[in-house]
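Per-entry structural report
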Amino acid sequence: MKLNNNTMINTKIELEETIQELFEPKKKVSRILYFDIETGTAPDYLNFMPDEFSISKVLKDESKIKEAKRKAKEDFLQKCCLSPITGRIIAIGTGDEKSCSIMHEEIMSEKEMLENFWKMIKEHLGSSYQNIICGWNIKSFDLPFLCTRSWKYGIVPEYNIKQRYSDVFIDLTELFSFKYKDSFVSLDTASRFLGFEGKEIQVSKHYESIYKVDKEKALKHLENDIILTRQIANIII
C-alpha cells in the first residue's frame, strides 16, 4: 500500500506525540489527602454470630468437637473488628503534607465521624480531577468498611464514589506490590523496607483494648500510620 505525503506526516506527528507522552514527566497532583481507620467490635455483634460454627466433619471425638467449636467461636470474636457487619469505627485519621488530625469515638459518634469524613472528601476533591485520596490497603479494607458502616446510618458516601472509585483513590499497597497475586505487604513491612520507622504491631493487633486504657498511645499510633503512609507515597507516587 502506498502512503502519500500527508499520511506520512500525520503518522510521524502521531508517533512523536506518543513518544513525548511516554517520556514526558508526569504532572504532580495538586494535593493529596491521606487517611487511615482503626476499628473495634460493634455493640450489636452478637446479632450476627452464627448459631453453630462449622468444624471439620472428620472429628468424631466429643471433646475434640467441643474444642474445635470453642476455637471457631474465639476466632469469630477476634475477627469481629475486621468486618463492617460485626465491627465499628473507633477512629479516623487524616492528613496532608504538613499535619494530621484524628476523629475518635470519645469526642464524636461513629455516625458523626462518617459524616465528617465524607464531607472532608467532598471538600478535598471539589471539582478538580488532580486531587487524590491516598492510603494503605484502602481499597480492600478501609473504603469498604467506611461505605458499609455509612449505609448502616443512612449516609451516602460523597463524591460519586462508585464511578470514581479508581480515579481518585490511590491504594499504595497496589503500587508497592504491582498488583501481583498473593503479594500483599503490610504497612509495617513496607516502611521498614524503605528505611522508615515501623509500627508497633501489638498496638495494631489490640487497638481497641489499648484505646480503652491509653488513648494517647492509641491515637499516636494512628497518627504514625498517616505519617508512614505519607513517607511511602512521597517515594512511590
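Residues numbered from 1 in each chain as written. Predicted model: local features only at pLDDT ≥ 70, side-chain atom pairs only at ≥ 80, totals over all residues. Heavy atoms only, no water.

So, about the packing of aromatic side chains. Throughout the structure, instances matching the rule amount to 6 aromatic pairs. Both rings, one in Tyr-207 and one in Tyr-211, keep their centres 6.5 Å apart while their planes meet at 20°; by these two values the pair is stacked. On the criterion of helical spacing, the pair formed by Tyr-207 and Tyr-211 is a turn pair, its members being 4 residues apart in helix 9 (residues 207-213). With relative accessibility at 2%, the residue Tyr-207 sits in the buried group. Residue class for Tyr-211 comes out buried when judged on its relative accessible area of 3%. Connected via pairs of aromatic rings, a cluster forms that spans Phe-35, Phe-117 and Trp-118. Its end group placed over the ring of Tyr-211, Lys-215 keeps NZ or CZ at 4.8 Å from the ring centre. (Phe/Tyr/Trp six-rings, centres within 6.5 Å; stacked < 30°, edge-to-face > 60°. Helix = DSSP H or I, 4+ residues; strand = E, 2+ residues; numbered from the N terminus. Buried < 20%, exposed > 50% of the residue type's maximum accessible area, 1.4 Å probe, protein only. Lys NZ or Arg CZ within 6 Å of the ring centre and 35° of its normal.)

Strand order in the open sheet made by the 5 strands is 3-2-1-4-5, with mixed pairing throughout. Of all the strands in the sheet, the pair left with one neighbour each is strand 3 (100-104) and strand 5 (169-171). Adjacent strand axes in the sheet meet at a mean angle of 30°, parallel and antiparallel pairs treated alike. Strands in contact with helix 4 (residues 138-152) are strand 1 (32-41), strand 2 (87-95), strand 4 (132-135) and strand 5; relative to strand 1, the strand with the most contacts, it is inclined by about 70°. Relative to the sheet, helix 10 (residues 215-236) contacts strand 1, strand 2, strand 3 and strand 4, its axis offset from that of strand 1 by approximately 145°. (Pairing = 2+ DSSP bridges. Axes fitted to C-alpha atoms, helices over the stretch in contact; angles between N-to-C directions. Contact = heavy atoms within 4.5 Å.)

Tracing the sequence through the fold places His-124 in helix 3 (residues 110-125). For His-124, the side chain forms a polar contact with the side chain of Arg-31, separated by 3.2 Å. Excluding residues that lie within four positions of it along the chain, His-124 makes contacts with Arg-31, Ile-32, Leu-33, Asn-131, Ile-132 and Ile-133. (Polar contact = N/O pair within 3.5 Å; in protein donor to acceptor, adjacent residues only side chain to side chain.)

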